[in-house]
Structures are given as structure tokens and as C-alpha cells.
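# Breakdown of the fold
One letter stands for each residue in the lines below.
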Amino acid sequence: MKQLQIGDVTITSIIERDGPWRTPAAMFPAYDADLAARHLATLDPEIIDPVTGMMVITYQTFVVRTPHHTILVDTCTGEDKGYPAPMDFPKTRYLEEFKAAGLSFDTIDYVFCTHLHIDHCGWNTVLRDGRWVPTFPNAKYIFHKREYAAWEAATAEGKTPPGEVWRMNCLPIVEAGQALLVDDDYSLDDTITLTPTPGHSPCHCCVNIFSRGQRAVVTGDMMHHALQCREPDWSTIFCWDSAQAAASRRSFLATVADTATLLLPVHFPGPTAGHVTTDGDRFNWRFFHG
Ligand SMILES: [Zn+2]
């Protein structure tokens, strides 16, 4: 997708990187090669690289323009963070796409983070004169208060991750007075609400977008790949609580399956947006090419 319309709301994707990233075997501890091969034969071809067998993974931000606000959902890995390979890829594409979408840093009103992992809060801050400062000077940043508290506590215990990720991307936002630490029931103009889907991280949330009876959901890392619709119990090596992540995935997918709700999973490759349908105790994923 580049742009979608949900009622009065326009959603645009800003891509930081895309392409083959890692194999499903390296991503899912419960991976089964025969099962995966059977599922991949029935799924959209965009999701797997036929040469390397790697999952095709996108890092992207969704720009949500309502009649009142310009909102970013998730902010990729960011610039100048000093991360080792492979997270040190060039960031010029992101900045070019941001500009091409007609945006500048000072026109952003809100930033939502589905969770506070390295690839979802990076552009929250930029380095200015040796200090991390909010990239978007006029924005309020929405963090779930228990997600923030959990990573703050883990950082205080010396754990990495989150370590520097929280110190560089989250703490400076709070110190600048630009954070709104919210609970499950937060809503913005009845257009944006949260659905808690904990497990991948302590309080991961999906971000709902409602307008004129239509609904889209930025699903963050509730799932990383369409194989997880076929095998909802396949959590990733990056999940904080694998069993809880799987339970959240199953219950969330059950509520949106066989409906018109459009899902926007951050890491799904173009066209990214899609629908799910039920298939016994599994789900089917189909991209929306509209
Ligand atoms: Zn992610």
C-alpha cells in the first residue's frame, strides 16, 4: 500500500526498509518445515523470497491523517542510534518518503507506539548537539503506561534490551514533557482507540482507526508474518512471553476474522494491508490490493 482511505481518514505508509530479512526457521522456535511449506503454497507470494527462503519484512510508519490531526503510528529504527548490523541500514529512504508524503517534523500532532521495541520507537528522537531530543517538536507521544513502566524497570535492572533503546527513544520524550502515558481505555477524538494485545512485549497494543463505520487496525508486532495466521501459536524469538503472545494473537484474530476490518501489520511487505478469515482453528490472510 502507499495510501488507503478509511472513511474521512487517509493512511499512508512511510518505508524505512523492505526485502528479505530472516528465515522463518530462525524466527519461530516452533517452526515446522513441512507445515510451513504447505502453508506457503497457499499464501500470497509476496511474503517469502523464493531465492533465499527468507521472510520478506518491511519496516514502516503509518501516517494517519484525520480531519483534525496528523498522526504517526510506530517510528521504525531511527538515525544515529549506533546499532550494529543489520540495524545500521541507511535511513535516507525514510526521510525521502516522509518528505514526499508532504510532511515535515513540525506538522506531526501525535505519535503512537504499539510497543517500545527498537524498530517501533526509533524516530521518536533525533541527536541534536549530542543529546536525544523529540524529532517531532509539536507532537504528543502516546505510550501505554505499563509498557513504558516495564521497560523503565528492565533498564534500571541493567537489562539489554531495552537498555539504550529506552534511554535514547523513550525517556527523552517524557523529560521533554511530550509523553502521554495512557491506559487501555485511551481514545483520541473517537477516531483512534487501543486494543491491548500483550505478549510480544509487556503491554503491546494494536491501534484502531475508525471513521464513518469503517475500521482499520495497525497491528504492530501482534504478528510478524502471514505464517502466523496459519499457525497462531508460532510466537517469535523476540517475544517477551510466547504463550501470552500466542493467546493474544488467537483472540485478536478471532475478533476481526470474517469482517471488513482492514489490518495493517507493520512488518508485512507491500501491499501490507489485508483481511483475515477463519479456517477451523487457523486463519487465512489475504492482501488487500484496493
Ligand atoms: Zn517489530
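Keep in mind that this is a model prediction, so the values were computed, not measured. (Residues numbered from 1 in each chain as written. Predicted model: local features only at pLDDT ≥ 70, side-chain atom pairs only at ≥ 80, totals over all residues. Heavy atoms only, no water.)

### Quick word on the sheet that holds strand 5 (residues 59-65)
This is how it is decided: In this description, strands pair whenever DSSP reports at least two bridges between them. The helix count covers DSSP runs of H or I at least four residues long, the strand count covers runs of E at least two residues long, and both are numbered beginning at the N terminus. Axis geometry follows a simple rule: fit a line to the C-alpha atoms, using only the stretch in contact for helices, then measure angles between N-to-C directions, giving values from 0 to 180 degrees. In what follows, a contact means two residues having at least one pair of non-hydrogen atoms within 4.5 Å.
Taken in spatial order, the 7 strands make up an open sheet running 1-2-5-6-7-10-11, and their pairing is mixed. In this open sheet, the two strands that pair with only one neighbour each are strand 1 (3-6) and strand 11 (179-182). Each strand of the sheet is rotated relative to its neighbour by a mean of 25°, with strand direction disregarded. Sheet topology note: the strand 5/strand 6 (residues 70-73) ladder contains 4 bridges and is antiparallel. Within strand 6, the residue paired with Val-64 across the bridge is Ile-71. Against the sheet, helix 4 (residues 145-156) touches strand 10 (140-144) and strand 11, its axis set at about 75° to strand 10.

### Thoughts on the pairing of strand 1
What counts is decided by this rule: Three exposure classes are used, based on accessible area relative to the maximum for each residue type with a 1.4 Å probe and protein chains only: buried under 20%, partly exposed in between, and exposed over 50%.
Of the two faces of strand 1, the one lined by Leu-4 and Ile-6 is fully buried and the one lined by Gln-3 and Gln-5 carries no buried residue. As judged from the 4 bridges shared by strand 1 and strand 2 (residues 9-17), these two strands associate in the antiparallel manner. From the neighbouring strand, Leu-4 faces strand 2, where its bridge partner is Ile-11.

### Some remarks on the coordination of the zinc ion
For the record, the criterion: The rule for donors is simple: N, O or S, within 2.8 Å of the metal, or within 3.2 Å if the metal is Na, K or Ca. Water isn't counted, so a site may look like it is missing partners. Four donors are marked tetrahedral only if all angles between them lie between 85 and 135 degrees, whereas four are marked square planar and six octahedral if opposite donors are more than 155 degrees apart and the other angles lie between 65 and 115; the remainder are marked irregular.
For the zinc ion, the full set of protein donor atoms is Asp-119 (OD), His-120 (NE2), Asp-221 (OD) and His-267 (NE2), at a range of 2.1 to 2.2 Å. Considering all 4 donor atoms around the zinc ion, angles at the metal cover 82 to 160° and the coordination shape is irregular.

### Details of the packing of aromatic side chains
Short version of the rule: Aromatic contacts are taken between Phe, Tyr and Trp rings whose centres are within 6.5 Å, Trp giving its six-membered ring; a plane angle under 30 degrees counts as stacked, one over 60 as edge-to-face, and the others as tilted. Throughout this description, the term charge over a ring refers to an Arg CZ or Lys NZ atom that lies within 6 Å of the ring centre and within 35 degrees of the ring normal.
Applying the stated criterion to the full structure yields 17 aromatic pairs. Aromatic pair Phe-28 and Trp-234: ring centres 5.8 Å apart, planes at 35°, arrangement tilted. With Phe-28 in the loop between helix 1 (24-27) and helix 2 (33-40) and Trp-234 in the loop between helix 7 (227-230) and helix 8 (242-256), the pair connects residues that are 206 residues apart, well separated along the chain. There is no split in this pair, since Phe-28 and Trp-234 are both buried. Clustering of aromatic rings is evident, with ring pairs tying together Tyr-94, Phe-98, Phe-105, Trp-123, Phe-136, Tyr-141, Phe-143, Tyr-148 and Trp-166. Seen from the ring of Tyr-59, Arg-17 lies directly overhead, with NZ or CZ sitting 5.9 Å from the centre.

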